[in-house]
Amino acid sequence: MASDSANLPGGKITFLLFLALVNFSFTIGIHNDNFSEELYVKPFSSGHVMFHFQFTTVWNVSIDKPESFQHYHLFPKSLGDVLTTYKVKELHLSQTQGLWKHEKWGYPPEDAPPGDELWVWFQPHSGVDQTWADLVNALSGLFCASLNFMDSKSTVQPRWSFRPAGLASEFYSADSRFVRYSTLPREVVCTENLTPWKKLLPCGSKIGLASLLNSVKIYDGFYHSLGVHVRSVCQDTQCLTPATELKQTLTVVYDPTTNKNGKQDWSFQSMFDRTLQSQCPLADTRKIYVDVTTQETFPKFSLSPVPDFVLNQKRSGEERKIAVYQIGNHLFASSLNLKAMYEEKLTFSNSSLPPVYANRFVTGYGLERGGVTCMIYNTMSSNTTVIFMETVPWFLRVYFSSLRIENDGKEIKPYKINFIPAKDRANPYQMELVFRLFANSVTKITYSFERAFLKWTEYPPDANHGFYVSSAVVSTVLPVASQYTATSQSVSLLEESFSDSSSSFFLRLHTETLLVSLPTPDFSMPYNVICLACTVVAIAFGSLHNLTTRDFTASDPSKRKGLVAKLKSFFKKEKESPENKLDSKEEETPSQKDKDNSKSEEKDSKEKDGNSET
Amino acid sequence: MVLPTAISFVCGVILRLALFRSSLPDWLSTKTEVVTPLTSWGRAMEGLALHREGISPYSGDIFHESPLMLKILGFISRFSPNTINLIFVLLDIIQGMILLRIANTFGRHMLLRQATSVKNYHPDAKKNLLRKEDLMDLQFYVTVAFSFNPYSIATCLARSTAVFNNIIILLALYQMLKGNSFLSAVFVALAAYISMYPIILCVPVAVHYFLMSRKGGMHYTDPTAVVSYLQILGVTFMSLAIMLLFSMLFVGSWEFIPSTYGFILGVPDLTPNLGLFWYFFTEMFEHFRTFFICVFQINVVIYTIPLAIRLREHPTFLFYMLLYTIGIFKSYPGYGDVGLMFALLPLWKHVYQYMRNTFVTVCMFLVCTVFAPIQYYLWIYAGSANANFYFAISLAFSTAQILMATDLLFGFLKREFYLHNGDKHKLPDGTDAQIILDS
C-alpha cells in the first residue's frame, strides 16, 4: 500500500512524499506479525508416512480487543472479520476424512475426529447461543462445510474436556458458559474444503510449501485432516502482552508400500505429484523436518538431498532424531524433491503402543435397544486420570442408570460426573466422566440406549445407512512423551516444541465414530397411513354419533330388504316414481296388496310434514 | 358364590407370583404394547437415578411421571427386586379388592336405581329387570375377569406404573357408587394428575351427584342442577390445583408440566403401541402436525358431550364409556387400560344379550394380541417386515376396541328401550316389528 501511493505519478510530489513517509512509518508499526511454514514428515513402522503441514501466523494484537483487528497484513481478513464480529476468543476447527490409528501411528500433531469438529471459546457476553448460531453460519460459508448444521441438537458445553488452549484467566477458563463444542461425524471433507483453507494462507497456494498441496493426491491418502486453530498466545517470554496465533494444519497419511513394490519409499514427486519450486517470501521460518529416528534400524533408509543438520530431540526421556531442511538452501540449483529410499522391503512388526489409547463400538442387536462400549487402554506403568467426554444424539436415549466403568471386572467410581440428559429434538446427551486409569490395564465404559422412532421427515435421504454418533473424547495429561508429536501449548512452532523440556504433555484423543441404524417407517405411504388412521377414528365417531343422536323405533321387518333388493328398488323408484304417485292418488281405499306402497307413502308424507314443521 | 370367588382370586394371585419367577416379566417389560413411555418401569428407574444424582429427571426426555409418582416410585425402588415384584402383586391384589367392592356396591346401586325408575317401565319389561341373584354373581365374574385377564397380568408382570392410575380410577368409581361424590371427585383429580385424560370423568361424577340429590322431576338444566355440577367441578379442579402446587413445591419448578402433560398432549415420542397416534404422527406432513394433534386430542374428549347427554340417567355407564374412549384414543395407550376395561366389563353382563358382534370383536382381540409381538419382532429384529405390519395390527386392535365399545353402548341403549317400551312390538296389522335406530 505504501509503495503504491509512493509510486503514483503526479505534481504534488512533496505531498506524496509526505504521504508515503506517513504510510511507511504506519506500516512499520502495523507489520507486527510473522508467518512460518513448516512440514513434518514421519514414517511409521506400519508402512505409512505422515506429512504434517503447519502454517503459523502470529499477529501481535490481542483478540480481546476487536478494535485492534484493523490493519491486516498476513492474517486473513475474511477470518479476522468473522472472529471479531462474533466475539471469538479461541477457535478450533478440524475437517477430517479417515480415522487416525493410534495403536499403529502413535499420536498425531493435531488429534481430530472423523468429520468436522468445531469448538469455540467466546468473549464473555450474554446470548452466546445466538452468537454461536451466527458464527457457525458464517464459518460454514467461509470453509464451504455444513457447519451450519451444528445447531442446538449437536452442540454441547463441555465443562472439563475443552479448556482454552491459549492465554486465558483461570476464572474465565473454568466457566463453561462461554464454550461451545460440536461435531458433524457424517461430514465428507474434500477439495471444496481445501480451497478455502488454502485461501487463508498469506502466500496462497502457488508458492511455498502450500504449492505441494495437490488435492488430487491429498484426497488419495489414507487419512487427511485440515485444521484451523486461533488462540491467544504470549508475544514474548515475559508474556505481558497477548498476541493472536492462527495455526493452519494439514495432516495427510499415505501408504507408499502399495505401489512401491513393498518398499516404504516416498518422495514429494510420488506423494504429491509435484516438487517444491519456491518458498514463501513472507515467511520467517521455512523448514522441513523428517523424523529419522528409525533410519539406522531395520529397514534402513537414506534421505536425498542430505539434510542441513540432524537434531536430537529429547522430550521427557523420549529421544528422537529430526533431520532439518532449510527450504531456501535447497532451491538454488533446482526444485526440491525430498526423497527417502529404503534398502529393504517393509516387514510388518508390532509397533510399540502409545501410552493411552481407546476403542469404541456399538453392542447389541435389533433396532430397539443397544449399548456402547469404550475401552481405554493404559500401557504405562503408572496410574493416570482421564476425562472422558461423550456426546450422543437425542434419538439414542441413553440410560444414565446403565452407565458402568469397569476395570478388570471391578467397578470404578468416577471422581466427577457431568451428565446432561437430552431433550427430544432440542439438545443431545452430554456425558463427562473423570476417573482413574490403573497402570497397565484396560478400563471399560459401557452404557445402554434405546432407539427413538423418528418422524419420517427426520431421516436422511439414505435412511437405512444409519446415523453417526460423534467420537468420544479422552483427555489426559501424560507424564511421558512417548509417540507424542503435538506442539507444546506454550509455543507456536514445531521447531520450538522439539526442544521442549516440560514433563507433562496434554493429550486429547478422539475415538471412532459410531454408525447406528434406527428403525424406519415406510416412507412411501404417508397418505395411506393418514387415510387408514382417520378411517378408524371415523368408525368410532360415526358409530357413537349414530348411537347418541338417534332413537330406537319399531319398524316393519318386511320393509327391510337385502342389498340387492334395495338397489333394485332404488333403480325402480327412479323409473316408476311418477306412476306410483298417480296410482296411490287414484285409489281411495288401498287394497291389501298395495299396503306396502301406501305405508311408504304415509311415511313419506309424515317426513314431509316433519320437514315442513322444522 | 363366595367360595369360587375366593378361589379365583387366590388363583389369580398365585398365577402372578408364579409368572414372576419365569422369564416373562423381562420380556414383557420391553414390549411396547404393555408399557408406554409414560408407564415404563425402566424409564421410571432412570428418572430416579437422575434424581438421586442431583439432575432433574424432567430435564431429559426419558422420565414422564408426575412428581408425586416420583416420590412413590422412589420409595418402592428402595426394596430389592423380589420385594418390588411382590409390591406389584400386592397392588394387583388391591385392585382386585376394589373391584370386588365395586361389584358388590354396583349390584346394590343398580337395584336401587331400578326400584326408583321401575314405575316408568313398560309392563312387559318385567322379565328384563335385574334380579338380586344375578347381581350376586357379579363379584365372581369380575374377579375372574381380573384374575385371569392376560392384559392385567401382563401389566402387572411388566411392572407398568399404569396400575397406580388404574387403582385410583377404580377408587373414584367405587366412591361414586357408594355415594361419596366429593371423594370420588378428588380421586378423579388424582387420576387426572397422573395421566391427564381422566379429568373428563368428573362429568359422570357430577351427573351422579345431581341424580342423588334430585327431588322430583327436576330438569338437568335447572339452576340447582347446575350448582351441583359446579360443586363437583370445583372440588375436582381445586384438588388438581392443590396437587400441582404441591408438586411444584416438591420439585422446585414448573418444568414437570411440559415434561408430563406437554408430553401427553404433544406426542413427541413415536414409539409404536396399539394406539392410533404413533404411526399417524410418524407419517404426518409437518404443516399439518399441529392441526392433527389438536384433532386427535379433541377426539379423545369430545365423546364426553354426546355420551353425557344420552346417558344422563346412567352416570355409572357413562363413567365406563368415557374410561373406554380414553383407553382407545389416548396418546400412549397400553395393556393397562385394556385390562381395566375387561375387568369392569362383567358389570354390564345384563347387556350382553343385546350385543351384536361379540364374536368378531373377540376374534379381533385374540388375533391382535397374538400377532402384535410377532409383527414387532419381524420389523425390529428380523428385518423381514416393515412398520406397516405392526401398524395394521395396531389399527385392527383399535378397531376391535371401538367395535366393542359401540356394541356395548348399542346393547345398553337397546335394553333401555325394551325396559321403557316392552320387548313385544306389533305393527298395526299384528305382525312383529323390528327395532332399529332411526332419526
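Computed from a prediction, not measured in an experiment: that's the story for all the values here.

Chemist: Hey, could you run me through the overall build of chain B in this one?
Modeler: For chain B, the helix and strand inventory stands at 20 helices and one strand. The C-alpha radius of gyration of chain B comes to 22 Å, within 12% of the 22 Å expected for a compact globule of 439 residues. In terms of overall dimensions, chain B has a C-alpha envelope of 75 × 55 × 50 Å along the principal axes. The buried share of chain B, taken over its 439 residues, is 60%. By sequence separation, contacts in chain B at least 24 residues apart represent 76% of the contacts at least 6 residues apart. Taking the average place of the 29 positive charges on the side chains of chain B and the average place of its 24 negative ones, the gap between the two points comes to 9 Å.

Chemist: What should I look at first to understand the confidence of the model for chain B in this one?
Modeler: Any residue range with low pLDDT should be treated as having predicted coordinates unsuitable for detailed reading. Summary statistics for chain B give a mean pLDDT of 91 and a share of 100% for residues scoring 70 or more. Summarising per-element confidence for chain B, the mean pLDDT is lowest in strand S1 (residues 434-438) of chain B (76) and highest in helix H9 (residues 162-178) of chain B (95).

Chemist: Please clarify how helix H3 (residues 77-85) of chain A should be interpreted in this entry.
Modeler: Because each turn of an α-helix spans 3.6 residues, side chains separated by three or four positions end up pointing in the same direction. Residue and element names in this part refer to chain A. Among the residues making up H3, those that are buried are Leu-79, Gly-80, Val-82 and Leu-83. For H3, the angular spread of buried residues about the axis comes to 165°, placing them on one side. Those residues of H3 that are buried are in contact with strand S3 (88-97), helix H5 (128-143), strand S7 (223-234) and strand S8 (242-254). Phi turns positive one or two residues past the end of H3, at Lys-87, with a value near 55°.

Chemist: Would you mind going over the interface of chain B and chain A with me for this structure?
Modeler: Reports of interface size often rely on the accessible area that becomes lost once the parts have come together. Taken together, the contact pairs 71 residues of chain B with 59 residues of chain A. Both sides of the chain B and chain A interface together cover about 5,900 Å² of buried area, and 65% of this is carbon and sulfur. Within the residue set of the side of chain B that touches chain A, elements represented by two or more residues are helix H3 (41-52), helix H14 (277-282), helix H15 (289-302), helix H16 (304-310), helix H17 (315-329), helix H19 (358-382), helix H20 (387-421) and S1 of chain B. No other element matches the 13 residues that H20 of chain B contributes to the side of chain B that touches chain A. Of the residues contributing to the side of chain B that touches chain A, the split by class is 40 nonpolar, 18 polar and 13 charged. In this structure, strand S28 (residues 551-555) of chain A lies alongside S1 of chain B, joined through five bridges in antiparallel fashion. Bridge assignment links Asp-551 of chain A to a residue of S1 of chain B, and that residue is Asp-438 of chain B.

Chemist: I tried to follow the environment of Lys-198 of chain A on my own but got confused; where do I start?
Modeler: Residues and elements named next belong to chain A. Examined against the element boundaries, Lys-198 turns out to sit in helix H7 (residues 191-199). Put simply, Lys-198 and Leu-311 are 113 residues apart on the chain and 30 Å apart in space, counted from C-alpha to C-alpha. Every residue in contact with Lys-198, bar those within four places of it in the chain, is listed here: Gly-204, Ser-205, Ala-210 and Leu-213.

Chemist: Sorry, what's going on with the sheet that holds strand S25 (residues 473-478) of chain A here?
Modeler: All names here are of chain A. The strand order S21-S22-S17-S25-S26 describes an open sheet built from five strands, whose pairing is antiparallel. Unpaired on one side and paired on the other, strand S21 (416-420) and strand S26 (505-510) mark the two borders of the sheet. Put simply, the sheet's adjacent strands are angled 15° from each other on average, direction ignored. With nine bridges connecting them, strand S17 (residues 384-392) and strand S22 (residues 429-437) associate as antiparallel partners.

Chemist: Mind showing me how you'd approach the pairing of S22 of chain A here?
Modeler: As a general feature of sheets, a regular strand has side chains that alternate between the two faces. All names here are of chain A. For S22, the tally of buried residues reaches eight of nine residues, placing the bulk of the element in the interior. Two strands pair when backbone bridges link them, and S21 and S22 are joined in this way by five bridges, in the antiparallel orientation. Bridging across to S22, Ile-420 finds its partner in Gln-430.

Chemist: Explanation requested: the packing of helix H5 (residues 81-117) of chain B against H9 of chain B in the structure shown.
Modeler: Two packed helices can be described by the angle between their axes and the distance between those axes. Residue and element names in this part refer to chain B. Axis separation between H5 and H9 bottoms out at 9 Å; the angle between their running directions is 20°. As far as their axial angle goes, H9 and H5 are roughly parallel. Of the two elements, H5 crosses H9, and the hand of that crossing is left-handed. The residues of H9 that touch H5, namely those facing Phe-88, Leu-91, Asp-92, Ile-94, Gln-95, Ile-98, Leu-99, Arg-101, Ile-102, Thr-105, Phe-106 and His-109, are Val-163, Phe-164, Asn-166, Ile-167, Leu-170, Leu-171, Leu-173, Tyr-174, Leu-177 and Lys-178. In the contact of H5 with H9, the residues fall into 15 nonpolar, four polar and three charged.

Chemist: How should the pattern of salt bridges be read in this particular structure?
Modeler: Here the idea is simple: oppositely charged side chains can pair when their charged atoms come close. Scanning the model with the defined rule gives 23 salt bridges over all chains in all. In this structure, Arg-43 of chain B and Glu-450 of chain A form a salt bridge, with 3.4 Å as the shortest nitrogen-oxygen distance. Note that Arg-43 of chain B is positioned in helix H3 and Glu-450 of chain A in strand S23 (residues 441-451), a pairing that runs across two chains. On the basis of relative accessibility, which here comes to 12%, the residue Glu-450 of chain A falls in the buried class.

Chemist: Could you clarify how one ought to interpret the packing of helix H11 (residues 202-213) of chain B against H17 of chain B in this entry?
Modeler: Residues and elements named next belong to chain B. Remark: H11 packs on H17, axes separated minimally by 9 Å, with the N-to-C direction vectors making an angle of 180°. In terms of axis orientation, H11 runs roughly antiparallel to H17. Contacts between H11 and H17 involve Val-203, Pro-204, Val-205, Val-207, His-208 and Leu-211 from the first element and Pro-315, Leu-318, Phe-319 and Leu-322 from the second. When the residues that make up the contact of H11 with H17 are grouped by side-chain class, the tally is nine nonpolar, one polar and no charged.

Chemist: Please clarify how the side chain of His-109 of chain B should be interpreted in this entry.
Modeler: Along the chain, His-109 of chain B falls in helix H5. In this structure, His-109 of chain B is in contact with Leu-177, His-208 and Thr-316 of chain B, ignoring residues within four places of it in sequence.

Chemist: Is there a simple way to explain the sheet that holds strand S11 (residues 301-304) of chain A in this structure?
Modeler: In a beta sheet, neighbouring strands are held together by backbone hydrogen bonds and run either parallel or antiparallel to one another. Residue and element names in this part refer to chain A. Pairing in this open sheet of three strands is antiparallel, and the strands run S9-S14-S11 from one edge to the other. Edge positions in the sheet fall to strand S9 (266-267) and S11, since each has one partner strand and no second. Inspection of the sheet shows S11 paired to strand S14 (residues 339-342) by four bridges, in the antiparallel sense. When the bridges of S14 are listed, Leu-303 appears paired with Ala-340.

Chemist: Any chance you could explain the packing of aromatic side chains here in plain terms?
Modeler: Each pair of aromatic rings is reported with the distance of its centres and the angle of its planes. Tallied over the entire structure, the rule returns 81 aromatic pairs over all chains. Ring geometry for Tyr-151 of chain B against Tyr-335 of chain B: centres 4.8 Å apart, planes inclined by 70°, an arrangement best described as edge-to-face. With Tyr-151 of chain B in helix H8 (residues 150-157) and Tyr-335 of chain B in helix H18 (residues 335-344), this residue pair connects regions lying 184 residues apart in the sequence. A residue is classified by how much of its surface remains accessible, and Tyr-335 of chain B, at 6% relative accessible area, is buried. Grouped by ring-pair contacts, the aromatic residues Phe-35, Phe-51, Phe-53, Phe-55, Trp-197, Tyr-254, Trp-266, Phe-268 and Phe-272 of chain A constitute a single cluster. Sitting over the ring of Tyr-172 of chain A, Lys-89 of chain A keeps its end group 5.7 Å from the ring centre. Note that Arg-16 of chain B overlies the ring of Phe-146 of chain B, its terminal NZ or CZ placed 5.0 Å from the centroid.

Definitions and limits used
Residues numbered from 1 in each chain as written. Chains lettered and ligands numbered in written order. Predicted model: local features only at pLDDT ≥ 70, side-chain atom pairs only at ≥ 80, totals over all residues. Heavy atoms only, no water. Helix = DSSP H or I, 4+ residues; strand = E, 2+ residues; numbered from the N terminus. Rg over C-alpha atoms; globule rule 2.2 N^0.38 Å. Buried < 20%, exposed > 50% of the residue type's maximum accessible area, 1.4 Å probe, protein only. Contact = heavy atoms within 4.5 Å. Lys, Arg positive; Asp, Glu negative; His and termini not counted. Charge placed at Lys NZ, Arg CZ, Asp CG, Glu CD. pLDDT = per-residue confidence, 0-100. Arc of directions from axis to C-beta. Buried area = accessible area lost by both parts, 1.4 Å probe. Nonpolar A, V, L, I, M, F, W, Y, C, P; charged D, E, K, R; others polar. Pairing = 2+ DSSP bridges. Axes fitted to C-alpha atoms, helices over the stretch in contact; angles between N-to-C directions. Parallel < 35°, antiparallel > 145°, perpendicular 65-115°, else oblique. Left-handed = near helix turned anticlockwise from the far one by under 90°. Salt bridge = Lys/Arg side-chain N within 4 Å of Asp/Glu carboxyl O. Phe/Tyr/Trp six-rings, centres within 6.5 Å; stacked < 30°, edge-to-face > 60°. Lys NZ or Arg CZ within 6 Å of the ring centre and 35° of its normal.

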